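# A closer look at the structure
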Amino acid sequence: MKRNATSRKYGLVLSKMATVTVCRTNPGGFNFENCKRNLLLEAEANRVGYSLPTATKTGTTICGLVYRDGVILGADTRATEGMVVADKNCSKIHYISPNIYCCGAGTAADTEMTTRIISSNLELHSLSTGRLPRVATANRMLKQMLFRYQGYIGAALVLGGVDCNGPHLYSIYPHGSTDKLPYVTMGSGSLAAMAVFEDRYRPDMEEAEAKQLVRDAIAAGIFNDLGSGSNIDLCVITKGKVDYIRPHDEANKKGVRTGDYKYKRGTTGVLTKMVTPLALDVVEETVTTMDTS
Amino acid sequence: MAATALMPNLGLNVCANSDLVPDWTDQEVSTGTTIMAVEYDGGVVIGADSRTTTGAYIANRVTDKLTPIHDRIFCCRSGSAADTQAIADVVTYQLGFHSIELDEPPLVETAANLFKASCYRYREELTAGILVAGWDRRKGGQVYSVPIGGMLVRQPVSVGGSGSSYIYGFMDSNYKPGLSREQCLELTAAALSLAMERDGSSGGVIRLASISEEGLERRVILGNQLPRFFTR
């Protein structure tokens, strides 16, 4: 974490001195004691050679851009668990409200549940106000929730939508900071995608060109980042209409095998054949019912 | 970040299980930064660079670190992006509520004290260095500095952020009381340009704002228009 290098060192010394004498019983707010315990347990496990099961991360390339008529969100479809692909075609563009969608990178469970919670709260809020929800509202709700959990919810999001004030696009980081920009990328493949955006983005693009640009940005992530792969999903949001295109581009179709390791019958010549029937009687039969409820 | 600070001797990097996910995806977003605020007779001039970093990657190269808290009061944010955004949102709410209760524009000192209250109470959990600057009827243009730890001090000119180390000398030698608004703007632009040149965590464009009784004027100096010095 980049900070003022000199003051960081002094700051750490002073804070150590300060905390030794202060004893706070229960200052209220969240208690992260269990997180500390978990980290120690993991260190212990690593020391004896075991590794705890990792949460499914979405590796990921996600991006969004604002064009003439609205917002386009794009995502790849690979979910990884360590070095193994857990899901070859997962959906990373989540529904928030009829006019707002959100791409999620980071821990798959965290992005899924966070977007579901905010979608639910936003629907109630929308019924309360009697209006279509605004992207800024969704942004506030997401950033306040993520800040409350101090970065332990590993959800990096690209939030986009069109409301009464026009098209809006936000990037939201796990610690709760947000940036409002015309084009954003997130995830392990974000550098590859950002390179494409920085080269070809222009304000007020037409829909076809904008879709092609988002497709190319995600493709750059898919082919150059190991954490991203499979297909490209797109979501085009305009005033009054949402186009959820899944998949927009099957960039990694499974090919047909040209050869087979199975040998045909008759490859090995048969010299002799001897059949000996074994006469077996049923001695005992037990049935155990399985509880499949 | 708070959790890792409390356990300095873990040794192993236990978080990076997956080799597929690079380091900077786990890093907290920091505003790196150079920020500056100068008082002049009748108002204040504030300025900031526009770079936000996550580790070695620039997450946002056109950040606006000059955040409005009220009509004539701004804050310049440095440190953790999440922490400073959250604090600024809280103070904006508190100050707005207070101003409605008072039925009067709030004092800059009030805003500064609200920042101090949050930054000091949660000093162990937060990383936020903030400059509060604005104009009010009682004391005119004022600059208050609330650095990491939650101190509050009023200064005629103040710099902050990682890039500030490089411009203390420039500021000490070039600032004098009684500068005009234009001179303050030039001084701020020059100082920020020098800091951005030397500090890796600062860069992008220079955002300037001047606040006075009449109102607010915002300016952006793009990369190719930055003040030039001998080494550039």
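Bear in mind that the values here come from a model prediction, so they are computed numbers and not experimental data. (Residues numbered from 1 in each chain as written. Chains lettered and ligands numbered in written order. Predicted model: local features only at pLDDT ≥ 70, side-chain atom pairs only at ≥ 80, totals over all residues. Heavy atoms only, no water.)

We now examine the overall build of chain A. The helix and strand inventory of chain A stands at 6 helices and 12 strands. Counting over 293 residues, chain A shows a buried share of 41%. Carbon together with sulfur atoms contributes 55% to the accessible area of chain A, which is approximately 17900 Å² in total. (Helix = DSSP H or I, 4+ residues; strand = E, 2+ residues; numbered from the N terminus. Buried < 20%, exposed > 50% of the residue type's maximum accessible area, 1.4 Å probe, protein only. Areas by Shrake-Rupley, 256 points an atom, 1.4 Å probe, with all protein chains shown as cover.)

Here we come to the packing of aromatic side chains. All names here are of chain A. In this structure the tally under the stated criterion is 6 aromatic pairs over all chains. Relative to Tyr-101, the ring of Tyr-95 lies with its centre 5.6 Å away and its plane at 80°, an arrangement referred to as edge-to-face. Between Tyr-183 and Phe-197, the aromatic rings sit 5.9 Å apart at their centres with planes inclined by 70°, giving edge-to-face as the arrangement. Pair noted here: Tyr-183 is in strand E10 (residues 183-186) and Phe-197 is in helix H5 (residues 190-200), with a separation of 14 residues, a long-range link. The same class applies to Tyr-183 as to Phe-197, namely buried. One aromatic cluster in this structure is built from Tyr-95, Tyr-101 and Tyr-244. Across from the ring centre of Tyr-170, 5.6 Å away, lies the NZ or CZ of Lys-180, which sits over that ring. (Phe/Tyr/Trp six-rings, centres within 6.5 Å; stacked < 30°, edge-to-face > 60°. Lys NZ or Arg CZ within 6 Å of the ring centre and 35° of its normal.)

Overall, the predicted model of chain A reaches an average pLDDT of 88, with 89% of residues at or above 70. Ignoring residues within four places in sequence, the model shows residues 1-19 of chain A, a span with pLDDT below 50, making 22 contacts including any to other chains. (pLDDT = per-residue confidence, 0-100. Contact = heavy atoms within 4.5 Å.)

Residue and element names in this part refer to chain A. A complete count under the given rule lists 24 salt bridges over all chains for this structure. Residue Lys-241 pairs with Asp-243 through a salt bridge whose shortest N-O separation is 3.8 Å. Residue classification places Asp-243 among the partly exposed residues on the basis of a relative accessible area of 29%. The salt bridge involving Lys-253 is made with Glu-250; its shortest N-O contact spans 3.3 Å. What makes Glu-250 partly exposed here is its relative accessible area of 40%. (Salt bridge = Lys/Arg side-chain N within 4 Å of Asp/Glu carboxyl O.)

On to the sheet that holds strand E2 (residues 70-75) of chain A, then. Strand pairs in the sheet, formed through backbone hydrogen bonds, run parallel or antiparallel to each other. Residues and elements named next belong to chain A. Sheet architecture is open: 5 strands sit in the order E10-E1-E2-E11-E12, paired in antiparallel fashion. Here the strands that pair on one side only, and so sit at the sheet edges, are E10 and strand E12 (241-249). Strand-to-strand twist in this sheet, taken as the mean axis angle between neighbours without regard to direction, amounts to 10°. For strand E1 (residues 62-66) and E10, the ladder comprises 4 bridges, and the chain directions are antiparallel. Opposite Ile-62, over in E10, you have Met-186 as the bridge partner. (Pairing = 2+ DSSP bridges. Axes fitted to C-alpha atoms, helices over the stretch in contact; angles between N-to-C directions.)

In this chain, Arg-246 of chain A is followed by Pro-247 of chain A through a cis amide linkage whose omega measures 0°. Within the secondary structure, Pro-247 of chain A sits in strand E12. Although it is not a glycine, Asp-204 of chain A sits at a positive phi angle of roughly 60°. Here Asp-204 of chain A is to be found in the loop between H5 and helix H6 (207-224). Although it is not a glycine, Asp-103 of chain B adopts a positive phi angle of roughly 60°. Locating Asp-103 of chain B in the fold gives a position in the loop between helix H2 (81-102) and helix H3 (108-121).

All names here are of chain A. Strands sit in the order E5-E6-E7-E8-E9 across an open sheet of 5 strands; the sheet is antiparallel. Only two strands of the sheet have a single partner each, and these edge strands are strand E5 (93-97) and strand E9 (178-180). Averaged over all neighbouring strand pairs, the angle between strand axes comes to 20°, with direction disregarded. Alignment of strand E8 (residues 166-172) against E9, held across 3 bridges, turns out to be antiparallel. Bridge pairing in E9 links Tyr-170 to Lys-180. Taken strand by strand, helix H4 (residues 135-148) contacts E5, strand E6 (100-106), strand E7 (155-163), E8 and E9, and its axis lies near 165° from that of E7.

All names here are of chain B. As for its placement among the helices and strands, Gln-142 is situated in strand E8 (residues 140-146). Residue Gln-142 is classed as buried on the basis of its relative accessible area of 1%. Only 3.0 Å separates the side chain of Gln-142 from the side chain of Asp-136, close enough to count as a polar contact. Those residues in contact with Gln-142 that lie beyond four places of it in its chain are Glu-39, Val-44, Val-108, Glu-109, Val-132, Ala-133, Gly-134, Asp-136 and Arg-154. (Polar contact = N/O pair within 3.5 Å; in protein donor to acceptor, adjacent residues only side chain to side chain.)

Glancing now at the packing of H4 of chain A against H2 of chain B. Interhelical geometry of H4 of chain A versus H2 of chain B gives an angle of 115° and a closest axis separation of 11 Å. The two elements H4 of chain A and H2 of chain B cross, and the hand of that crossing is left-handed. For the pair H4 of chain A and H2 of chain B, contact is made by Arg-140, Lys-143 and Phe-147 of chain A and by Ala-82, Asp-83, Gln-85, Ala-86 and Asp-89 of chain B, respectively. (Left-handed = near helix turned anticlockwise from the far one by under 90°.)

A few words on the nonpolar core. Residues and elements named next belong to chain A. With 24 residues, the main nonpolar core has Leu-65, Tyr-67, Ile-72, Phe-197, Met-205, Leu-213 and Val-214 as its most contacted residues. Those elements that provide at least two residues to this core are E1, H5, H6 and strand E11 (232-238). Ignoring sequence-local partners within four residues, the contact set of Leu-65 consists of Gly-70, Val-71, Ile-72, Leu-169, Pro-182, Tyr-183, Phe-197, Tyr-201, Met-205, Ala-210, Leu-213 and Val-214. (Core = buried A, V, L, I, M, F, W, Y, C linked by side-chain atoms within 4.5 Å.)

This part takes up the environment of Arg-78 of chain A. Residues and elements named next belong to chain A. Of note, Arg-78 is situated in the loop between E2 and strand E3 (79-81). Classification of Arg-78 by relative accessible area gives partly exposed; the value is 22%. Sequence spacing of Arg-78 and Lys-88 is 10 residues, and the spatial spacing of their C-alpha atoms is 5.0 Å.

With that settled, consider the packing of helix H3 (residues 108-129) of chain A against H4 of chain A. Residues and elements named next belong to chain A. Where H3 meets H4, the axes come as close as 10 Å, and the angle between the chain directions of the two elements is 135°. Considering the angle they form, H3 stands oblique to H4. H4 is crossed by H3, and the crossing has right-handed handedness. Here H3 contributes Thr-114, Ile-117, Ile-118, Asn-121, Leu-122 and His-125 to the contact with H4, which in turn contributes Thr-137, Ala-138, Met-141, Leu-142 and Met-145. Looking at the contact of H3 with H4 residue by residue, the classes come out as 7 nonpolar, 4 polar and no charged. (Parallel < 35°, antiparallel > 145°, perpendicular 65-115°, else oblique. Nonpolar A, V, L, I, M, F, W, Y, C, P; charged D, E, K, R; others polar.)

Moving on, we get to the side chain of His-94 of chain A. All names here are of chain A. Of note, His-94 is situated in strand E5. Looking at His-94, the relative accessible area reads 8%, which means it is buried. Other than its neighbours up to four places away in sequence, His-94 contacts Tyr-101, Cys-102, Gly-104, Thr-111, Glu-112 and Thr-115.

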